[in-house]
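Residue-level listing of the chains:
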Amino acid sequence: MTTSSNNSATALAHTNIALIKYWGKKNADLIIPYTGSLSLTLDQFYTKTQVSFDRQLEQDTLLINEQAVTDKSWQRVHDFLNLVRQQSGITENARVISDNHVPTAAGLASSASAFAALAAAASKASGMDLNERDLSRLARRGSGSACRSIYGGFVEWQRGSDDTDSYAVPIENPNLKDIRIVALTIETHQKPISSRQGMERSVTTSPYYPTWVKVVESDLKEIKSAISQNDFAKFGAISEFNAMRMHALTLSANPDFLYFNGMTLDAMNEVKRLRHAGVECYYTVDAGPNVKVICQTKNVDTIANTFSKILGPEKVTVAKPGPGIKYL
Ligand code: DP6
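A quick note: this is a predicted structure, and the numbers were derived from the prediction, not measured. (Residues numbered from 1 in each chain as written. Predicted model: local features only at pLDDT ≥ 70, side-chain atom pairs only at ≥ 80, totals over all residues. Heavy atoms only, no water.)

A. Seen up close, the site of the ligand. Near the ligand, the surroundings consist of 18 residues, among which Tyr22, Lys25, Ser143, Ser145 and Arg196 are the closest. In the environment of the ligand, an oxygen atom lies 3.4 Å from a nitrogen or oxygen atom belonging to the side chain of Ser111. In this structure, an oxygen atom belonging to the ligand sits 3.2 Å away from a side-chain N or O atom of Ser195. Relative to its unbound accessible surface of 460 Å², the ligand loses 94% to contact with the protein. A total of three residues in the shell around the ligand trace back to one element, the largest contributor, which is helix H4 (residues 195-205). Here the shell around the ligand is built from residues that sort into seven nonpolar, five polar and six charged. Three or more residues apiece are contributed to the shell around the ligand by two domains, here domain 1 (7-174) and domain 2 (180-319). (Near = heavy atom within 4 Å. Polar contact = N/O pair within 3.5 Å; in protein donor to acceptor, adjacent residues only side chain to side chain. Areas by Shrake-Rupley, 256 points an atom, 1.4 Å probe, with all protein chains shown as cover. Helix = DSSP H or I, 4+ residues; strand = E, 2+ residues; numbered from the N terminus. Nonpolar A, V, L, I, M, F, W, Y, C, P; charged D, E, K, R; others polar. Domains from an automatic or database assignment.)

B. Molecular detail of the packing of helix H1 (residues 72-88) against helix H3 (residues 132-142). Across the interface, H1 lies against H3 with an axial gap of 9 Å and an inter-helix angle of 145 degrees. You can see that H1 and H3 cross each other, and the crossing is right-handed. On the side of H1, the interface is formed by Arg76, Phe80, Leu83, Val84 and Gln87, while H3 contributes Leu138, Arg141 and Gly142. Its residues assigned to classes, the contact of H1 with H3 comprises four nonpolar, two polar and two charged. (Axes fitted to C-alpha atoms, helices over the stretch in contact; angles between N-to-C directions. Left-handed = near helix turned anticlockwise from the far one by under 90°. Contact = heavy atoms within 4.5 Å.)

C. Region of the structure containing the sheet that holds strand S11 (residues 282-285). Taken in spatial order, the four strands line up as S11-S12-S10-S13 in an open sheet, and their pairing is antiparallel. The open sheet is flanked by S11 and strand S13 (316-319), the only strands paired with a single partner. Direction aside, neighbouring strands of the sheet carry axes that sit 25 degrees apart on average. Note: strand S10 (residues 180-184) against strand S12 (residues 291-295), five bridges, orientation antiparallel. (Pairing = 2+ DSSP bridges.)

D. Representation of the pattern of salt bridges. With the rule as written, the count across this model stands at 14 salt bridges. The partner of Lys292 in a salt bridge is Asp286, with the nearest N and O atoms 3.8 Å apart. (Salt bridge = Lys/Arg side-chain N within 4 Å of Asp/Glu carboxyl O.)

E. Summary view of the pairing of strand S1 (residues 7-20). For S1, the buried fraction is high: 13 of the 14 residues fall into the buried class. Both S1 and strand S4 (residues 37-54) contribute to a ladder of twelve bridges, which runs antiparallel. Among the inter-strand pairings, Ala11 is bridged to a residue of S4, identified as Thr49. Examined bridge by bridge, S1 and strand S14 (residues 326-327) share two bridges and lie antiparallel to one another. Among the inter-strand pairings, Leu12 is bridged to a residue of S14, identified as Lys326. (Buried < 20%, exposed > 50% of the residue type's maximum accessible area, 1.4 Å probe, protein only.)

F. Representation of the packing of aromatic side chains within the structure. Overall, the coordinates contain eight aromatic pairs when judged by the stated rule. Judged by centre distance (4.7 Å) and plane angle (65 degrees), the ring pair of Tyr22 and Trp157 falls under edge-to-face. Highlighted residues: Tyr22 in the loop between S1 and strand S2 (25-27) and Trp157 in strand S8 (residues 154-158), separated in sequence by 135 residues. For the pair Tyr22 and Trp157, one class covers both residues: buried. (Phe/Tyr/Trp six-rings, centres within 6.5 Å; stacked < 30°, edge-to-face > 60°.)

G. Expanded view of the environment of Tyr46. With respect to the secondary-structure elements, Tyr46 resides in strand S4. Residue class for Tyr46 comes out partly exposed when judged on its relative accessible area of 23%. Between the C-alpha atoms of Tyr46 and Ser166, which are 120 residues apart in sequence, the distance is 24 Å. Ignoring any residue separated from it by four or fewer positions in sequence, one finds Tyr46 in contact with Leu12, Ala13, His14, Asp99, Asn100, His101 and Ser113.

On their own, these measurements won't tell you what the molecule is for.
Shown next, in the form of structure tokens:
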């Protein structure tokens, strides 16, 4: 531990796409989920963040893609830095400079890569030398899904029951390796109901929430066995079911809400049409209208070309499994 000033570190984290979704907190303050979840870290979309603790600074400052940020995002980063100061004993304010490398309007969530990169850079700059498990625990406090972006490839967030045992672990030696994600940008607007608000409303008002908790247990078991048996059909089917079960929690909430729009439904139907025509693929959707198509290398060109014709090539991004956290 150190309290010297002007300590600086830079880290890079990739975003991840959940195949078994995290949707609901048992403890909102510590971000302890009701269920485990499982994701794939992607190679295409990442955040690079530099944190410098500096005693000259009168307050924390935040620059995202060269724009000074002072709104709610600043508050969230400031609260997170307070946690790092509390853990490390450092007292200085910090300068945070962050760049999101998400292809223009890919419509992918950035909070996972953002808080993973921030956790790594801030903890290192503060003088803490955290192992990956503790880094995952720290990133979780910024945004739940960020705890999974510490690792590359397939990652499971083990729900745990308190701050010490809720963290992500990599799925070692997965036999399912040949996987591609075709990300379709349907809309780039800020979602009207954030995932944070949406999951909270689902937990407190959907009568199906207790069933979700049970179902995720078995979906997690099944998907892990599909990954270890290299069973792509099973893997894709469980991913698709699990996403739809999550969205059923939004439809059954009070007041109900929906992340899909008409084009989301069209894209889902197109995936089914392709599948029935022998081009094996599945879909997943997060807290927004964008669709991610899950496929294997042999079909990726057909799928990308099909959606390029429908949406325009700039709305279609092909991703592969990506790496874990890196310090620069
Ligand atoms: C639908 O991690 O953004 O993408 O913990 O409140 O920051 P907070 O939520 P966040 O939620 C992600 C929700 C999801 C599913 C997932 O990534 O598992």
